[in-house]
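Remarks on the overall topology
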Amino acid sequence: MTIGEDLRALEAESLTAVEGATTLDALEEVRIAYLGKRGSLTAILRGLGALSAEERPEVGRISNEVRRALESALDRRREALERTARASRIAAEAVDVTLPGRARPLGHQHVLHQVVDEIVEVFSGLGYRVAEGPEVELDYYNFTALNHPADHPARALQDTFYARDLSGDTAVVEGESDVLLRTHTSPGQVHVMESEKPPIYVIVPGKVYRRDVADPSHLPQFTQVEGLVVDEGVTFGDLKGTLEHFVREMFGPDRRVRLRPHFFPFTEPSAEVDVSCGICGGEGCRSCGGEGWLEILGCGMVDPNVFGYVGIDPERYTGFAFGIGAERIAGLKYGVPDLRHFIEGDTRFLHQF
Ligand code: DAH
């Protein structure tokens, strides 16, 4: 066989190998086998130098043809294989848009937070500012500065969560520096009056804690919104008008407000406030226990003794305060007879709001 025939045989063989390659990797192997540094066509081309001057042009021409034929066969085959690979990748990645979707459950604001926001909005509309106080308090703020005498029953261990020395059975420190979970948001009043001068118009929403076992009308943790106004010439009439406005905004224009004399250590005079029952309109029914009225908050005129603790002149200023039970308001607004629903986190209940 002449070199020319060898070359043609190699050409035929290599073209068959190209067609037989079914993957890009196999094709690359074919390329290396013929055109790589140690490939068989490369070896022949390298041997050209040893040929005689007459043979060289002819063999040179044939080997160039063979190389070009092989190279273009490789190119075509590579394109074809790439096309197939792309097509199958696209087929594999295809999304079936007819499959049913997966719904993700969407949460929303808790009903109590909604109600607190509504209360805040009513008072914001009257120009009140929102303040916050700590949930872990000192006895001084929770009781002493709110005019509770040392032997006041609310200070008893049965009512208040105290931080205790775990090594013993006594409170860490006896007295005003005792640490406790606030039993009401009223200490917020003291913090505000310590750091601001009148005129003061604030509300303090927040969580409060009492050593109660949860039942339909008691929770060990519940929510209050405290209100405090201190200014010159503030009267009990201002307090009443403010609360009437609040009740109508919250429950509608037909609801009436009733104030009953009461006692709180930090207000004098004090009152409890009832709203007329939304079901019977005041006639008395099962949902208001036959009373026609439902209690929603405590209030009163700031006791001058409290002003004494925070250095506000009681001769110049007067003020009123109130504490709204948010669970009470939410319960009345939505007819929820058992307050425990509000803290149990049952989404079947919560989804309704
Ligand atoms: N702190 C009282 C409580 O938790 C509620 C209260 C009553 C707050 C009268 C007040 C107030 O600001 O003036 O029972």
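So, here is what we can say about the structure in this document. (Residues numbered from 1 in each chain as written. Predicted model: local features only at pLDDT ≥ 70, side-chain atom pairs only at ≥ 80, totals over all residues. Heavy atoms only, no water.)

1. Thoughts on the site of the ligand
- Neighbouring the ligand are 15 residues; His 184, Ser 186, Arg 210, Gln 224 and Glu 226 lie closest to it.
- One nitrogen or oxygen atom from the side chain of His 184 is found 2.9 Å from a nitrogen atom belonging to the ligand.
- Separating an oxygen atom of the ligand from a backbone N or O atom of Ala 321 is a distance of 3.1 Å.
- For the ligand, the accessible surface in isolation is 350 Å², of which the surrounding protein chains cover 90%.
- In the shell around the ligand, the residues fall into five nonpolar, eight polar and two charged. (Near = heavy atom within 4 Å. Polar contact = N/O pair within 3.5 Å; in protein donor to acceptor, adjacent residues only side chain to side chain. Areas by Shrake-Rupley, 256 points an atom, 1.4 Å probe, with all protein chains shown as cover. Nonpolar A, V, L, I, M, F, W, Y, C, P; charged D, E, K, R; others polar.)

2. What to know about unusual backbone geometry
- Looking along the chain, the bond that leaves Pro 198 and enters Pro 199 is cis, with omega of 5°.
- Here Pro 199 lies in the loop between helix 7 (187-195) and strand 4 (200-209).
- The amide bond that connects Glu 268 to the next residue, Pro 269, takes the cis arrangement and shows omega of 0°.
- You can see Pro 269 is positioned in strand 7 (residues 267-276). (Helix = DSSP H or I, 4+ residues; strand = E, 2+ residues; numbered from the N terminus.)

3. Re the sheet that holds strand 1 (residues 129-130)
- The sheet built from seven strands is open, its strands ordered 1-4-5-9-8-7-6 with mixed pairing. Each edge of the open sheet is held by one strand with a lone partner, namely strand 1 and strand 6 (257-264).
- Alignment of strand 5 (residues 221-231) against strand 9 (residues 318-325), held across eight bridges, turns out to be antiparallel. Of the residues in strand 9, the one forming a bridge with Asp 231 is Thr 318. (Pairing = 2+ DSSP bridges.)

4. Regarding helix 2 (residues 24-35)
- A rise of 1.5 Å per residue sets the reference length of helix 2, with its 12 residues, at 16 Å; its end C-alpha atoms lie 16 Å apart and thus fit the reference within 8%.
- What helix 2 keeps buried is the set Leu 27, Val 30 and Tyr 34. Along the axis of helix 2, the buried residues cluster in a sector spanning 55°; they form a single face. Counted as exposed and oriented over 90 degrees from the buried face of helix 2: Asp 25 and Glu 29.
- Looking at the buried residues of helix 2, the elements they touch are helix 1 (3-20), helix 3 (40-46) and helix 4 (55-93). (Expected span 1.5 Å × (residues − 1). Buried < 20%, exposed > 50% of the residue type's maximum accessible area, 1.4 Å probe, protein only. Arc of directions from axis to C-beta. Contact = heavy atoms within 4.5 Å.)

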